[in-house]
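Observations on chain architecture
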Amino acid sequence: MRKNLTLIGFLVLVAFGMTIFTGCAKKKTVIKDEAIQEQTAPAAQTAQQDNEAARQVKEQADRERALREQAEREQAAKAAAIAEVNIRDINFDFDQSNIRPDAREILKANADILLKKGAAEIAVEGYCDERGTAEYNMALGERRAQEAKKYLVNLGMEASQIKTISYGEERPLDPGNNEDAWANNRRAHFVINGR
Amino acid sequence: MKKINPIAALILFFCASLMFSSNAVAKVYIDIDSPSFQQFPIAIGDFQSPAGSVNKSTASGIAMADDIKRYLTMTGIFNILNKKSFLEDKNSGSVTATENIRFADWAIIGADYLLRGNITQNDKELVVESRLYDVTRGELLFAKKYKSKINENKTIARMIASDILLALTGDEGEFNTRIAFVSKQNSQADIYTVNYDGSEMKNVTNHKSIVIGPRWSPDGRYLAFTSYRDGRPEGYVRNLKNGTDKKVASFEGLNLCGSFSPDGNKLLLTLSKEGNEEIYVLEIGTMKLTRVTHNYSIDVSPTWSPDGKKIAFVSNRSGSPQIFIMDADGNNTKRITFEGNYNTSPSWSPRGGRIAYEGRVNGKFQIFSIDEEGNNLLQLTFDNAKNEYPSWSPSGRQIVYSSKISSKNKICIMNANGLNVRVLVEKTNSSLMPAWSPRFK
């Protein structure tokens, strides 16, 4: 009797163990391709063989020109930031408003640009996909905008300079009716100077 | 005391954990497939000219009878008998004398009720007389005379239909109501209203922006709604008499209008101004604001009970959008929907007792109703459409909702048991978010 009970107990333990371990989610490994960066070497400057005085004047002019060009490059970089080329949208899971790991990276990059630029005011727009109820989606879109705002504030931005506005399921980025389109539409979008 | 065999204990533990690891026991509800009411079989005679003792149907008399039949059909509770089956002779004295009616002739064709009347119209005036009989008892239920200006035939037909409903059900029905809705193309929308019978569609707002959720005041004089006309969601109340808009909620973040209180003095709002989507009560006269929910989740779509003591709303505090009920001061919050993982848009029946809502089932949205305890769940729509945004009629007998097939919404009306579906509005634009008005005097 005791031996049978032990056997049953052992089987139960195995069965129990199996139900626990097969429930675990499989982890996926993602291999990212590193972008191959290219850099062009600055053009070599050829030295002029003149007398010393002319060379010094020339060097002065060169320095001033270099400084001017440097200033222009910095100006262009600022203009690019204003054009929001580098301020990217973040996406959300269905019916969720929490900031995903991939979104955190984007928000960090966005915050870097916004802090450097010293933007006076930005608006965070929250969006949902077309499924679900319009009113509930208005609230969910607002929540997504608020979560993004909180994250930016934690990264050093001023709460008073960030406004939130929800568009719910309106103004989809992607007009499709499939999972890919919906994933693209669940987003927070950033607009500088409240434009 | 014998020591418990550890292996036996393990087996017991395993069996017990299997039992309790399944989902929480589903709430008991009644699944009703067929209606439990019976339609009233009624015979409606063509209205006649009262001149002399000659019983003669006139064109306007036939039209009056047809209009009354049409209105009674909209209620879904009448079986209108085909006049081809009528037996009674055409000339047996004055049509208005009860003793001249051979009730047996009507009973034999299955009529429980009989409507007869006459109609006179001249250049200025329309006079209609109408009598409703109980065929089984051979009794007159009511006799009434209606007078109006010329060309008000449909108005009188509505009045007669209302009186028939009042005599047979104790409730005058919905003939003097309108339905407000949003007419939308892409992200440009405005609010329209239309009669219960689909006539007299009117354009109410001129915002041409995102517009959501019109809601009637209890006296039918105002419509509250949310609009992005000025670039962000703000709450408006529109005076329907003079056509003016008043901004009632323009706080930081989200401003969504909920329903008016039964006394018309308060408006429910969803605001996010304190960092989170919460429900507030606005006293319209003083503009005093009181916060009613205090929960980190989304709380949205609030609507008052007909006695003003409770509020139903949507919250995702238990992980997904579900319907909750709380006292009007925010206490005693209770979840009432437990089937499905997406339940929104609560609407409280004006008769009390039941709440209609939209719920996602098999990937589609359908209209449901449930009682205030969360029991007696009824599914009301079953077709292959996205059925949303239910709103009860003042009698609590019918529900208006929007139905979306492919990419366009239309407005439909059905009885509270899901039967008798009728399309009210189907335009080129999408028509959605309907709201049933109170009864207009």
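1. Examining the packing of helix 2 (residues 59–75) of chain B against helix 4 (residues 153–169) of chain B
All names here are of chain B. Taken N-terminus to C-terminus, the directions of helix 2 and helix 4 make an angle of 50°; their axes are 9 Å apart at the nearest point. As the angle between them shows, helix 2 and helix 4 are arranged oblique. Helix-helix and strand crossings are classified by hand; for helix 2 and helix 4 the assignment is right-handed. In contact with Ser-60, Ala-63, Met-64, Asp-67, Ile-68, Tyr-71, Leu-72 and Thr-75 of helix 2, helix 4 contributes Asn-153, Lys-154, Ala-157, Arg-158, Ile-160, Ala-161, Ile-164 and Leu-165. The residue makeup of the contact of helix 2 with helix 4, split by class, is ten nonpolar, three polar and three charged.

2. A closer look at the pairing of strand 4 (residues 187–192) of chain A
All names here are of chain A. The sheet contact formed by strand 1 (residues 90–91) and strand 4 spans two bridges and is antiparallel. By the bridge assignment for strand 4, Asn-91 is matched with Arg-187. Pairing of strand 2 (residues 122–127) with strand 4, which is carried by five bridges, proceeds in the antiparallel orientation. Bridge pairing in strand 4 links Val-124 to Phe-190.

3. A word on the sheet that holds strand 29 (residues 408–415) of chain B
Residues and elements named next belong to chain B. Strand order in the open sheet made by the four strands is 27-28-29-30, with antiparallel pairing throughout. With one partner strand each, in any of the chains shown, strand 27 (386–392) and strand 30 (422–425) form the two edges of the open sheet. Each adjacent strand pair in this sheet contributes to an overall mean axis angle of 35°, direction not counted. Across eight bridges, the pairing between strand 28 (residues 398–405) and strand 29 is antiparallel. Within strand 29, the position partnered with Val-400 by the bridge is Ile-413.

4. What about the nonpolar core?
Membership of the largest hydrophobic core comes to 76 residues, with the highest contact counts inside it found for Phe181(B), Ala224(B) and Leu269(B). Looking at this core element by element, the count peaks at five residues for helix 4 (residues 134–154) of chain A. Each residue touching Ala224(B), except ones within four places of it in the same chain, is listed here: Arg215(B), Gly235(B), Tyr236(B), Val237(B), Cys257(B), Phe260(B) and Leu267(B). Residues Trp106(B), Ala111(B), Tyr133(B) and Met159(B) belong to the second largest nonpolar core, which totals 34 residues.

5. Observations concerning the sheet that holds strand 2 of chain A
A sheet is described by the order of its strands in space; here four strands give the open sequence 1-4-2-3 (chain A), paired in mixed fashion. Unpaired on one side and paired on the other, strand 1 and strand 3 (162–168) of chain A mark the two borders of the sheet.

6. Notes on unusual backbone geometry
All names here are of chain B. Residue Asn-332 is not a glycine yet carries a positive backbone phi of 55°. Residue position: Asn-332 is located in the loop between strand 21 (322–327) and strand 22 (334–335). Its 9 C-beta neighbours within 10 Å are what place Asn-332 among the exposed residues.

7. Structural notes on the pairing of strand 14 (residues 244–249) of chain B
In the case of a regular strand, side chains alternate between the two sheet surfaces. All names here are of chain B. Two strands pair when backbone bridges link them, and strand 13 (residues 234–239) and strand 14 are joined in this way by five bridges, in the antiparallel orientation. Each residue of the ladder has a partner; that of Val-237, found in strand 14, is Lys-246. Between the end of strand 13 and the start of strand 14, which pair antiparallel, lie four residues, with Gly-243 showing a positive phi angle near 75°.

8. Focus: the environment of Ser347(B)
Structurally, Ser347(B) can be placed in strand 23 (residues 343–348). Excluding anything up to four places from it in sequence, Ser347(B) contacts Thr303(B), Ile355(B), Ala356(B), Tyr357(B), Pro390(B), Ser391(B) and Trp392(B).

9. Regarding helix 2 of chain B
Residues spaced three or four apart along an α-helix face the same direction, because each turn holds 3.6 residues. Residues and elements named next belong to chain B. If you check helix 2, its first and last C-alpha atoms are 25 Å apart, about what 17 residues at 1.5 Å a residue would give, namely 24 Å. Along helix 2, the residues classified as buried are Gly-61, Met-64, Ala-65, Asp-67, Ile-68, Tyr-71, Leu-72, Met-74 and Thr-75. Of the residues flanking the end of helix 2, it is Gly-76, one or two places downstream, whose phi is positive at about 75°.

10. As for the domain arrangement of chain B
Per the domain assignment, the segments making up chain B are domain 1 (40–169) and domain 2 (178–436). Spacing between the C-alpha centres of domain 1 of chain B and domain 2 of chain B amounts to 39 Å.

Rules behind the numbers
Residues numbered from 1 in each chain as written. Chains lettered and ligands numbered in written order. Predicted model: local features only at pLDDT ≥ 70, side-chain atom pairs only at ≥ 80, totals over all residues. Axes fitted to C-alpha atoms, helices over the stretch in contact; angles between N-to-C directions. Helix = DSSP H or I, 4+ residues; strand = E, 2+ residues; numbered from the N terminus. Parallel < 35°, antiparallel > 145°, perpendicular 65-115°, else oblique. Left-handed = near helix turned anticlockwise from the far one by under 90°. Contact = placed C-beta atoms within 7 Å. Nonpolar A, V, L, I, M, F, W, Y, C, P; charged D, E, K, R; others polar. Pairing = 2+ DSSP bridges. Core = buried A, V, L, I, M, F, W, Y, C linked by C-beta atoms within 7 Å. Buried ≥ 20, exposed ≤ 12 C-beta atoms within 10 Å, placed from the backbone. Expected span 1.5 Å × (residues − 1). Domains from an automatic or database assignment.

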